[in-house]
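So the chains spell out like this:
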Amino acid sequence: MPIRIDNDLPVKKILEDENIFVMDEARSNSQDIRPIDILILNLMPLKEDTELQLLRSLSNTPLQVNITFVRTLSHESKHTSRDHLERFYSNFREVKQHKWDGMIITGAPVEKMEFEEVEYWEELTKIMDWASKNVTSTFHICWGAQAGLYYHYGIKKHELPKKLSGIYNHFTVHRSRELVRGFDDTFLAPHSRYTGIDADAVRENPNLTVLADSEDCGPYIIVGDEGKNIFVTGHPEYDTLTLDQEYHRDLGKGIDPDIPVNYYPDNNPDNEPVKSWRCHANTLYTNWLNYYVYQSTPYDWTSRKTDNENTEN
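Residues numbered from 1 in each chain as written. Predicted model: local features only at pLDDT ≥ 70, side-chain atom pairs only at ≥ 80, totals over all residues. Heavy atoms only, no water.

Student: Is there a simple way to think about the pairing of strand S3 (residues 36-41) in this case?
Tutor: Put simply, side chains in a regular strand alternate between the two faces of the sheet. Summarising burial for S3: five of the six residues are buried, a large majority. Looking at chain direction, S3 and strand S4 (residues 65-71) are connected through six bridges and run parallel. Across the sheet, Leu41 pairs through a bridge with Val70, a residue of S4. For the segment spanning S3, helix H3 (residues 47-58) and S4, crossover handedness is right-handed. As judged from the four bridges shared by S3 and strand S6 (residues 100-105), these two strands associate in the parallel manner. Residue pairing across strands places Ile38 opposite Gly102, the latter belonging to S6. (Buried < 20%, exposed > 50% of the residue type's maximum accessible area, 1.4 Å probe, protein only. Helix = DSSP H or I, 4+ residues; strand = E, 2+ residues; numbered from the N terminus. Pairing = 2+ DSSP bridges. Right-handed = clockwise from strand over helix to strand, strands pointing away.)

Structural data, given as structure tokens:
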């Protein structure tokens, strides 16, 4: 089944050219089924790139998925046009009156800052607090995962000796859990970050369960409160060339970055990288949509009043 997005969203044509089934609004409204409604709070600076990456990942499911993009009002994006944001994005005030089946909170390039120093931290905490009452399951990515772990469970982050960048090996834990159903014993996943989380605090918290781990990266997939919150510390949605673009961006800034680990053939940046994480990334998003959203959400949200306590602003 398809993902349903705005007819005029620029990435729609790219998805269609990749033979991804995208349904426009008119056709979606004619379907006599109950679609899944997903919010994507996009905190990444290059919002259109992130839109494309996540829509690709969410398309591999037999479920019909309605997508609504959300942006913060307390921070103005410098890398995405105002026209694009006003045309294709809602804000929190516009979406908080409804119940939602699922939400994704993306990463953000603010990880070296303390959480409370981030310009939109107060707004983000209101959104996360609201989501705990009005969203069936929330999927947090990279910095979004660090932010969610800190806000909900008090898990602190710390700066790493150097940037963690590349494709790293992971191993599956608790293989009977639905989120990692179909995973191999070991698999690859991308990371791109300067900070890590307190792994011991995660493992000691009775409300958190590590489902995938890594000797190099620490806990990778973490389930909170039996699936109410999902935390993924890497970037499974990344495209083949995303790390390449980041590497050359950092070179251009004079940062002298390390070559991303296990990414370029023969560790040579002149060689085109090969995507080695697609299957497990797709399985992860499909399992989340199926087991933690579709199987858990009420069929008729309209019969339940939205709890907007403490979210008036």
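Don't stop here, the text continues.
Student: Just to check I follow, could you spell out the nonpolar core for this structure?
Tutor: Nonpolar side chains tend toward joint burial in soluble globular proteins. Among the nonpolar cores identified, the biggest contains 36 residues, and Ile38, Ile104, Phe139, Leu179, Ile221 and Trp288 are the most heavily contacted of them. Ranked by residues supplied to this core, first place goes to helix H10 (residues 278-294) with six residues. Among residues more than four places away in sequence, those in contact with Trp288 are Ile38, Leu58, Gly102, Met103, Ile104, Ser137, Phe139, Leu179, Ile230 and Val293. (Core = buried A, V, L, I, M, F, W, Y, C linked by side-chain atoms within 4.5 Å. Contact = heavy atoms within 4.5 Å.)

Student: Just to check I follow, could you spell out the packing of aromatic side chains for this structure?
Tutor: Aromatic ring pairs: the centre-centre distance and the angle between the two ring planes describe each pair. In the structure shown here, the tally under the stated rule is 15 aromatic pairs. Between Phe69 and Tyr89, the ring centres sit 5.3 Å apart and the planes meet at 35 degrees, which makes this aromatic pair tilted. Here the residue Phe69 occupies a position in strand S4, and Tyr89 occupies one in strand S5 (residues 89-91), the gap between them amounting to 20 residues. Taken as a pair, Phe69 and Tyr89 share a single burial class, namely buried. The rings of Phe115, Tyr120, Trp121, Trp143 and Tyr150 are connected pair by pair, giving a single aromatic cluster. Lying across the ring of Tyr194, Lys112 places its NZ or CZ 4.2 Å from the centre. Between Lys157 and the ring centre of Phe115, over which it is positioned, the NZ or CZ distance is 5.0 Å. (Phe/Tyr/Trp six-rings, centres within 6.5 Å; stacked < 30°, edge-to-face > 60°. Lys NZ or Arg CZ within 6 Å of the ring centre and 35° of its normal.)

Student: Explanation requested: the packing of helix H6 (residues 121-134) against helix H7 (residues 143-153) in the structure shown.
Tutor: How two helices sit against one another is set out by the angle between their axes and by the gap between those axes. Between H6 and H7, the least distance of the axes is 11 Å, while the angle of their chain directions is 70 degrees. Viewed along their axes, H6 and H7 adopt a mutual orientation that is roughly perpendicular. Facing Trp121, Leu124, Thr125, Met128 and Asp129 of H6, the residues of H7 in contact are Trp143, Ala147, Gly148, Tyr150, Tyr151 and His152. Among the residues forming the contact of H6 with H7, the class breakdown is seven nonpolar, three polar and one charged. (Axes fitted to C-alpha atoms, helices over the stretch in contact; angles between N-to-C directions. Parallel < 35°, antiparallel > 145°, perpendicular 65-115°, else oblique. Nonpolar A, V, L, I, M, F, W, Y, C, P; charged D, E, K, R; others polar.)

Student: Please clarify how the pattern of salt bridges should be interpreted in this entry.
Tutor: Here the idea is simple: oppositely charged side chains can pair when their charged atoms come close. Going through the model one piece at a time under the given rule, you end up with eleven salt bridges. Two residues, Asp258 and Lys162, come together in a salt bridge whose shortest N-O distance is 3.1 Å. On the criterion of sequence distance, the pair formed by Asp258 in the loop between helix H9 (242-252) and H10 and Lys162 in strand S8 (residues 157-172) is long-range, its members being 96 residues apart. Across the pair Lys163 and Asp250 runs a salt bridge whose closest N-O atoms are separated by 3.4 Å. You can see Lys163 sitting in strand S8 and its partner Asp250 sitting in helix H9, a full 87 residues away along the chain. Asp250 gets classed as buried once you look at its relative accessible area, which sits at 3%. Within this structure, Lys163, Glu246, Arg249 and Asp250 form a network of salt bridges that share partners. (Salt bridge = Lys/Arg side-chain N within 4 Å of Asp/Glu carboxyl O.)

Student: How should H6 be read in this particular structure?
Tutor: Since there are 3.6 residues in each turn of an α-helix, residues three or four apart along the chain are aligned in direction. Counted at 1.5 Å a residue, the expected span for H6 with its 14 residues is 20 Å, and the 20 Å between its end C-alpha atoms agrees. Judged by how many residues are buried, H6 sits mostly within the fold: eleven of 14 residues are covered. If you check which residues of H6 are buried, you get Trp121, Glu123, Leu124, Thr125, Lys126, Ile127, Met128, Asp129, Trp130, Ala131 and Asn134. Packed against the buried residues of H6 are S3, S4, helix H5 (92-95), S6, strand S7 (135-141) and H7. (Expected span 1.5 Å × (residues − 1).)

Student: Could you clarify how one ought to interpret H7 in this entry?
Tutor: Judged by how many residues are buried, H7 sits mostly within the fold: eight of eleven residues are covered. Taken residue by residue, H7 has Trp143, Gly144, Ala145, Gln146, Ala147, Gly148, Leu149 and Tyr153 as its buried positions. Phi for Gly154, located one or two positions after H7, is positive at around 70 degrees.

Student: Mind showing me how you'd approach the packing of H3 against H10 here?
Tutor: Orientation of H3 relative to H10, taken along the N-to-C sense of each, is 70 degrees, at an axis distance of 8 Å. One element, H3, and the other, H10, form an angle in the roughly perpendicular class. Here H3 contributes Leu54, Ser57 and Leu58 to the contact with H10, which in turn contributes Asn282, Tyr285, Trp288 and Leu289. A per-class count over the contact of H3 with H10 returns five nonpolar, two polar and no charged.

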